[in-house]
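Fold and contact review
This is what each chain is made of:
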Amino acid sequence: MASFIRQFTSPAVPPTASSTSNSFVDIPIPSFIISNSKSATWLYTTIAIVGALLVLEQSVYRSKKKHLPGDSWTIPIIGKFADSMKPTMEGYMRQWNSGALSAISVFNIFIVMASSNEYSRKILNSPTHAEPCLVHSAKQILMPDNWVFLTGKSHVEYRKILNTLFTRKALSIYIGIQDAIARQHFSQWLADAQKDPSPQAIMMTARNLNMITSLRVFCGNHIPEHGAIEISEKYWDITQALELVNFPLAIPGTKVYRAIQARKVAIKWLELAASKAKTAIADGCEPECMLEEWVKELEAPGYKGRKDFTDREMAMVVFSFLFASQDAMSSGLIYGFQHLADHPDILAKIREEQYRVRAGDVEKPITLEMLDQMPYLKAFVKESMRVKPPVTMVPYRTTKAFPISNDYTVPANSMVIPSFYNSLHDPSVFPDHDELIPDRWLDPNSSANTNPRNYLVFGSGPHKCVGIEYATMNIGLVLATASVLMDWEHHITPESDRVQIIATLFPKDGCLMKFAPRPRP
């Protein structure tokens, strides 16, 4: 019995190392197991890194957003890019109505949108905290050293001379050019209508009128006809690339790339015009366009600002003016035609004023003195641009942390966007704010006139539009002359009251019109 117990309780003798190793060494390990193991390691590592980055992205967004209205989480990487590619007024309205300040993210660009008059004006009037950036691709297209991006003393120096280009004396030079070109285009519109009387979209024809007018006002005859046509045709590429959101890289085939190529063409012609303007004034010619007026003002005895503007610098200024005139002014003009067609009672009042001021002579070119006697026309232009502002917002970039309110600070290097639409449609300032009522501007004691802070059509602060008088004069002049030379009928579609946003606002159907000659009084 004892021997039996010892047999099962004796310590087992472990196998020797040599025997163990030999037994396993002889077992072959398939190579795909080793390969798959390495692949799995890389896969898990990649997933871990991507996951960590996505978590970090969401954490940074929520940290910047804090308590502001907006999505609690942002779509990884692209954010609101899909919505921004096809923006709608309805989408913007939802964002503006979500709060006086709200937050979104697009391609990891943190954006704060301001919808109230208070915060919008604060952004526009805080140059030490924010600078205009227009859109993400703007500096690539307009060039980083363009005056529109300048701040401080250098920006002030530019505005000193640019303000002289929009005085009453300067406008008196431009108005004759504007009147003549408008009449030329109306003749063509009527000839085209006679060939095809069906309703035609005027979006591009009105834009072309504005472009040719501005090129001749700014550059005179220093750009040949084929050069003006080339600029006009290619500038549309620039407009499309200056939408709020676009693919940011200038890769061939993208909107930004095409815009840069178009800019190179335009700048070449505009530099030539600047050079020729300098030569003309040096030869003793009197100014007949804006560039010549600029050169002449630099020689004025009382002018104490900067005088050494190069051809390229002058060309870049005109280039930026073309953007404003080709987009914002075209939007204002197109909606002006649409509003007058849709409100025949308002059009009748404008015509009555025109016949009275012109003394029945509709062929007489309009002058500044005649415009001074057209208060109803001016009120209509102002009201039309309030109801449908060409520009609803202007993006800025914070140069440092911006304490915009008592409980929120916009992080540095964020985009902050003042919005104008709510200020222009504030029912406490503009009763029946969606209605077109020019008379509200004829009463000096009306809430519209006693609250000028709300009229943000042309912005506010140090970067307020420098060409307000030129823009309103051109829109008013074109509509006034059109009212006595033509009749027009708006072909209304389901898209007529919907908005297409291409840098500025346009009717979604292109504004379909039928034109016919108007009998002389």
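What comes next concerns the included structure. (Residues numbered from 1 in each chain as written. Predicted model: local features only at pLDDT ≥ 70, side-chain atom pairs only at ≥ 80, totals over all residues. Heavy atoms only, no water.)

**Concerning the overall build of the chain**
If you tally the helices and strands in the chain, you get 19 helices and 12 strands. By residue count, 50% of the 521 residues in the chain fall in the buried class. In the structure as shown, the chain presents an accessible area of about 24,500 Å², 59% of it carried by carbon and sulfur atoms. (Helix = DSSP H or I, 4+ residues; strand = E, 2+ residues; numbered from the N terminus. Buried < 20%, exposed > 50% of the residue type's maximum accessible area, 1.4 Å probe, protein only. Areas by Shrake-Rupley, 256 points an atom, 1.4 Å probe, with all protein chains shown as cover.)

**Focus on the pattern of salt bridges**
Taken as a whole and judged by the stated rule, the model has 23 salt bridges. One salt bridge connects Glu363 with Arg183, and the closest N-O pair in it is separated by 3.6 Å. With Glu363 in the loop between α15 (344–357) and α16 (368–372) and Arg183 in helix α9 (residues 168–195), the pair connects residues that are 180 residues apart, well separated along the chain. Exposure remark for Glu363: the relative accessible area of 45% places this residue in the partly exposed category. Using a relative accessible area of 15% as the deciding quantity, one classes Arg183 as buried. As a salt-bridge pair, Lys349 and Asp439 come within 3.9 Å of each other at their nearest N and O atoms. (Salt bridge = Lys/Arg side-chain N within 4 Å of Asp/Glu carboxyl O.)

**Some thoughts on empty space enclosed by the protein**
To locate leftover empty space, one rolls a probe as large as a water molecule over the atoms. For the structure shown, the criterion picks out one cavity of 30 Å³ or more. Each pocket or cavity is described by its volume, and for the largest cavity that value is around 1,100 Å³. Lining the largest cavity are 48 residues, and of these Leu134, Phe323, Ala324, Val391 and Val394 lie nearest its centre. At the level of elements, α14 (311–342), α19 (468–485) and β11 (504–507) are the ones that each hand at least two residues to the lining of the largest cavity. Counting residues per element, the lining of the largest cavity draws most heavily on α14, which supplies eight residues. (1 Å grid on protein atoms, 1.4 Å probe; cavity = no way out; pocket = protein on both sides within 12 Å on 5 of 7 lines; lining within 4 Å. Points joined across faces, edges and corners; volume = space filled by probe spheres on them.)

**Looking at the nonpolar core**
If you look at the biggest cluster of nonpolar residues, it comprises 144 residues, and the most contacted ones within it are Leu162, Phe186, Trp294, Phe337 and Phe515. Per element, the largest residue contribution to this core is 14 residues, and it comes from α14. Ignoring sequence-local partners within four residues, the contact set of Phe186 consists of Leu209, Phe337, Val478, Thr481, Ala482, Leu485 and Met486. With 16 residues, the next largest nonpolar core counts Trp96, Ile104, Cys133 and Val499 among its residues. (Core = buried A, V, L, I, M, F, W, Y, C linked by side-chain atoms within 4.5 Å. Contact = heavy atoms within 4.5 Å.)

**Details of the layout of surface pockets**
Quantified by volume, the largest pocket comes out at close to 760 Å³. Forming the boundary of the largest pocket are 29 residues, of which Lys378, Lys382, Phe458, Ile468 and Thr472 lie nearest the centre. For the lining of the largest pocket, the leading source of residues is helix α17 (residues 375–387), giving seven residues. Of the residues in the lining of the largest pocket, the class split is 16 nonpolar, six polar and seven charged. (Nonpolar A, V, L, I, M, F, W, Y, C, P; charged D, E, K, R; others polar.)

**Details of the sheet that holds strand β12 (residues 512–517)**
An order of β4-β12-β9 is seen for the three strands of this open sheet, with the pairing classed as antiparallel. Two strands in the sheet have a free side with no partner beyond their single neighbour: β4 (200–201) and β9 (486–490). As defined by bridge partners, β9 adjoins β12 across five bridges and the pair is classed as antiparallel. By the bridge assignment for β12, Trp488 is matched with Phe515. Seen against the sheet, α9 touches β9 and β12 and runs at an angle of roughly 100° to β12. (Pairing = 2+ DSSP bridges. Axes fitted to C-alpha atoms, helices over the stretch in contact; angles between N-to-C directions.)

**Focus on the pairing of strand β1 (residues 101–106)**
Each regular strand carries side chains that alternate between the two faces of the sheet. In terms of residue burial, β1 counts as a mostly covered element, since six of its six residues are buried. As paired strands, β1 and strand β2 (residues 109–114) are joined by six bridges and run antiparallel to one another. Counterpart to Ala103 in the pairing with β2 is Val112.

**So, the sheet that holds strand β8 (residues 415–418)**
With mixed pairing, five strands are arranged side by side in an open sheet as β1-β2-β8-β5-β3. Strands at the two margins of the open sheet, each flanked by one partner only, are β1 and β3 (130–132). Between one strand axis and the next, the sheet turns through 30° on average, direction left out of account. Both β3 and strand β5 (residues 396–398) contribute to a ladder of three bridges, which runs antiparallel. Counted as the bridge partner of Ala130 is Thr398 from β5.

**Re the environment of Asp361**
Along the chain, Asp361 falls in the loop between α15 and α16. Take Asp361: its relative accessible area is 37%, and that puts it in the partly exposed class. In the structure, Asp361 is positioned 123 residues away from Val484 in sequence and 9.6 Å away in space, judged by C-alpha atoms. Engagement of the side chain of Asp361 in a polar contact is seen with the backbone nitrogen of Glu363, the distance being 3.2 Å. (Polar contact = N/O pair within 3.5 Å; in protein donor to acceptor, adjacent residues only side chain to side chain.)

Keep in mind that these numbers describe shape and distance, not what the molecule does.
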